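# Commentary on secondary and tertiary structure
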Amino acid sequence: MFRYLPLILKNCWRNRRRTVLTIASIGISMCLLGVMVAMFHAFFLSDPTPEQALRLVARNRISFTVSMPLSYRAQIKQVTGVRVVMVSQWFGGVYKDARDPKNQFPRYGIEPDKFFTIFSELHMPEDQKKAFERDRAGCVVGRDLAKTFGFKVGDRLNMTGDIFPGNYEFTIRGIFDSPRNSDEMYFDYEYLEQTMPERRRGNVIMYDILIDNPANSARIATAIDDQFRNSTAQTKTESEQAFVVGFLALLGNVKMFLVAISGAVLFTILLVSANTMAMSVRERAREVGILKTLGFTPASILIMILGEACAISMAGGIIGYLISTLLMQGVAKSPFGGFLPAIHVFDPSVALVCVLAAGIIGVMSSLVPALNASRTTIVEALRSTD
Amino acid sequence: MSEAIIQTTKLTKEFIRDEFHVVALKDVNLEIAKGEFVALMGPSGSGKSTLLHLIAAMDRPTGGEIRVLGHALRELNDRQIAHWRNENVGFIFQQFNLIPVLSALENVELPLKLTNLRKSERIEHATTALKLVGLGDRLHHLPRQLSGGQEQRVAMARAIVTDPSLILADEPTGNLDATSALEVLTILGRLNKEFGKTVVMVTHDPHAAQFATKMHHLEKGELTN
């Protein structure tokens, strides 16, 4: 095989325009496949980070748009294995012009004294943490958000509430760093609670829960849900990852969607490649006859043609995968990335899937023309372009 | 009398082309001895090329027997025939048939890729073969950068690089001008006289046939002498 490599590579480069276009079309398809596989991997197959493994999320069993009583906080804290329970209230609201997507960053009401304990991967100077805890109208923003808007500590941030009507004026008390996208803003839930009329107080959308050991997560989640089994607001407690996937499930059957798109992409590129390889082999039927005259066996002819198709496909696969990592980097860094599970920009298993898929496309697309060429008799091959 | 390295007995080749039954060769009995330079002559469609293809095992007969270099070709499978051809037969085409993306040196090296020689040895052998045909200064030229005569000499170098006992040439001068044709025939003559190669050449050209030591005529698929 390696002995034939120079000939295989020269044959690949024989019709440069066709080869470049084939590599480009496979590359684009593999890029799309890479994004789909990376998403699938992040949603359904990836392991949580050590910090995520210690976190559970409790919400109303009906939906996370339906609230639960604030009194649940104390009851959840009583469950064995629960270390910290924190209110997490989706705020919504309008910042400046709502039509500008840049202004659509996530905002949550939380409990400042517990926030950095539960989300231990977020880092902020101690003095800023203290200032945040002391100021009820204070807020903290992620580094990415601060960069986008040029926020500094001490800046004022005005919001108009929609789910929670009213005008809110926050003071930025700290800027935190996160290993992930940090286009987020957090403020004291108490500030929100105090602005609400009496009838709306005491309701919470979500609880973030820190547990003692990841191995106990299933038991603790069941124990929490069992506590509220007979109440009017039953809970659903799950891992942070499962919660995020559940959030995405609002879009529809994400798993099916990803698999269907990947399948369609692969099938289409298989047809394109098969056509290209059939043309390429047909043009060189006479050369196949010459090689056989020199003593090349049908098997060596088969290997050379399959090798050529694989080389072109895999070049497309590698290029496509590299582009997909850039796209995934963009997705992970985008505000949307904050809603997704942790995305590993370079994942060896995704790279393997892309290159392997490209290799399989190479073999499948060229198998029939390669077999035909290897079986053609010398006399037929030499006569083909006579 | 030298030993016969090609023996055909009642060799027959028939095929169907566009619903017509064609008898390309009929009961051909031929014996060619080692070291001979044989010219196969005859009009178009007389079966000269078909006979050459059968001698090179590029095609299978429909009847009769053929033994080449001691092998009954009928008994060999495709893989064995490929190896046998690589080791024992050098084939020269009328249309040169070089691989256009490979240089002269790479074209000549091609048959050696099927041997156990190391890369450096393959290059050395291919260079020697090209020097032998007078193209030592054209090693890295692509076929399109060579004249017709030079292309045919590269094809000859490719045919002899594995040091085969038998050289088969199918109208090797058919596409060449008189000067180039003379060069090619001279080289074939040298290969026969100086290196002891058995040469079987198909030709229309009586002038080319004069370089041969023996002539056979084919007419409508049958040997006439």
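Note that the structure is predicted; figures quoted are calculated from it, not measured.

Our focus in this paragraph is a nonpolar patch on the surface. Residues and elements named next belong to chain A. A cluster of nonpolar residues, F2, L5 and L9, forms a patch on the protein surface that exposes about 330 Å² of accessible area. On the secondary structure map, L9 appears in helix α1 (residues 5–12). With relative accessibility at 46%, the residue L9 sits in the partly exposed group.

Residues and elements named next belong to chain B. The residue F211 is located in the loop between α7 (206–209) and β9 (214–219) in this model. Classification of F211 as partly exposed rests on a relative accessible area of 24%. For F211, the residues in contact, after removing those within four places along its chain, are F37, L182, L185 and T186.

What follows deals with the packing of aromatic side chains. Residues and elements named next belong to chain A. Applying the stated criterion to the full structure yields 25 aromatic pairs over all chains. Relative to F149, the ring of Y95 lies with its centre 5.4 Å away and its plane at 85 degrees, an arrangement referred to as edge-to-face. Note that Y95 is positioned in the loop between β3 (82–90) and β4 (107–110) and F149 in helix α7 (residues 143–149), a separation of 54 residues in sequence. On the accessibility criterion, F149 (17% relative accessible area) is buried. A centroid spacing of 5.9 Å and a plane angle of 50 degrees characterise the contact between F176 and Y186, whose relative ring orientation is tilted. On the criterion of sequence distance, the pair formed by F176 in strand β7 (residues 166–176) and Y186 in strand β8 (residues 185–188) is long-range, its members being ten residues apart.

So, about the sheet that holds strand β10 (residues 222–223) of chain B. Residue and element names in this part refer to chain B. What the six strands build is an open sheet, ordered β6-β7-β8-β3-β9-β10; its pairing is mixed. At either margin of the open sheet sits one strand with a lone partner, and together these are β6 (89–92) and β10. Sheet topology note: the strand β7 (residues 166–170)/strand β8 (residues 198–203) ladder contains five bridges and is parallel. Its bridge partner being in β8, A169 is matched across the sheet by M201. Its contacts with the sheet place helix α6 (residues 178–193) against β3 (37–41), β6, β7 and β8, and it is angled at close to 150 degrees to β8.

Residues and elements named next belong to chain B. The biggest cluster of nonpolar side chains holds 38 residues, and the ones touching the most others in it are V108, L130, V154 and L188. If you list the elements that add at least two residues to this core, you get β3, α3 (104–109), α4 (119–132), α5 (148–160), β7, α6, β8 and α7. Filtering out sequence-adjacent residues up to four positions away, V154 remains in contact with L98, A104, N107, V108, L130, L135 and L146. The next biggest cluster of nonpolar side chains, apart from the first, holds 33 residues, and it includes V28, L54, W84 and L166.

Bringing the environment of K113(B) into the picture now. Its location among the elements puts K113(B) in the loop between α3 and α4. Sequence spacing of K113(B) and L132(B) is 19 residues, and the spatial spacing of their C-alpha atoms is 20 Å. In this view, K113(B) contacts R3(A), P6(A) and R122(B); residues no more than four positions away in its chain are not counted.

Turning to the confidence of the model for chain B, a few remarks are in order. Per-residue confidence for chain B averages 93 on the pLDDT scale, and 99% of its residues sit at or above 70. In the predicted complex, the global pTM is 0.74; the interface-specific ipTM is 0.92.

Vacant regions in the atomic arrangement are exposed by a probe of water-molecule size rolled over the atoms. All names here are of chain A. By the definition in use, this model includes seven cavities of 30 Å³ or more. Considering only enclosed or pocket space, the largest cavity measures out at about 150 Å³ in volume. Among the secondary structure elements, those contributing two or more residues to the lining of the largest cavity are α1, α12 (285–294) and α13 (298–333). It is α13 that contributes the most residues to the lining of the largest cavity, four residues altogether. When its residues are assigned to classes, the lining of the largest cavity shows eight nonpolar, one polar and three charged. In this structure, the second largest cavity occupies an estimated 90 Å³ of space. Along the wall of the second largest cavity there are 13 residues; nearest its centre are R18, T19, S280, E308 and I312. Counting residues per element, the ones that place at least two in the lining of the second largest cavity are α1, α2 (16–45), α11 (254–283) and α13. Split into classes, the residues belonging to the lining of the second largest cavity amount to three nonpolar, six polar and four charged.

Analysis parameters
- Sequence order as written defines residue numbering, which begins from 1 separately in each chain.
- Throughout, the order in which chains and ligands are written sets their labels, letters from A for the former and numbers from 1 for the latter.
- Given that this is a predicted model, residues contribute local features only at a pLDDT of at least 70 and side-chain atom pairs are listed and counted only at 80 or more, while totals for whole chains, interfaces and linings are drawn from all residues.
- In computing side-chain values, all of the structure's heavy atoms are included and hydrogens and water are not.
- Note that patches include only residues with greater than 30% relative accessible area and no salt bridge, and the join distances are 9 Å for like charges and 5 Å for nonpolar side chains (Val, Leu, Ile, Met, Phe, Trp, Tyr).
- Each accessible area value is a Shrake-Rupley result obtained with a 1.4 Å probe; residue values ignore everything except the protein chains displayed when judging cover.
- The term salt bridge refers to a side-chain nitrogen of Lys or Arg lying within 4 Å of a carboxyl oxygen of Asp or Glu.
- Under the DSSP-based scheme used, a helix requires at least four consecutive residues in state H or I and a strand at least two consecutive residues in state E, with every element numbered from the N terminus.
- Burial classification: accessible surface area is computed with a 1.4 Å probe over protein chains only, and a residue below 20% of its type maximum counts as buried, one above 50% as exposed, and the rest as partly exposed.
- Contacts are residue-level and defined by heavy atoms, with any inter-residue pair within 4.5 Å sufficient.
- We call Phe, Tyr and Trp rings a pair once their centres come within 6.5 Å, taking the six-membered ring for Trp, and we label the pair stacked below 30 degrees between planes, edge-to-face above 60, and tilted otherwise.
- One requirement defines pairing of two strands: DSSP has to find at least two bridges between them.
- Structural elements are reduced to axes, namely lines fitted to C-alpha atoms, with helices fitted over the stretch in contact, and the angle between N-to-C directions of any two is expressed from 0 to 180 degrees.
- Nine residue types can take part in a nonpolar core, namely buried Ala, Val, Leu, Ile, Met, Phe, Trp, Tyr and Cys, and a core is a set of them joined through side-chain atoms within 4.5 Å.
- The predictor's confidence in any single residue is recorded as pLDDT, a number from 0 to 100.
- A pocket, in this scheme, is an open set of points on a 1 Å grid over the protein atoms alone with protein on both sides within 12 Å along at least 5 of 7 lines, while a cavity is a set where a 1.4 Å probe fits but cannot get out; residues line either one if an atom lies within 4 Å of a point.
- Grid points are joined across faces, edges and corners, and a volume is the space filled by probe spheres set on the points.
- Residue classes follow a fixed rule: Ala, Val, Leu, Ile, Met, Phe, Trp, Tyr, Cys and Pro count as nonpolar, while Asp, Glu, Lys and Arg count as charged, and any other residue, Gly among them, counts as polar.

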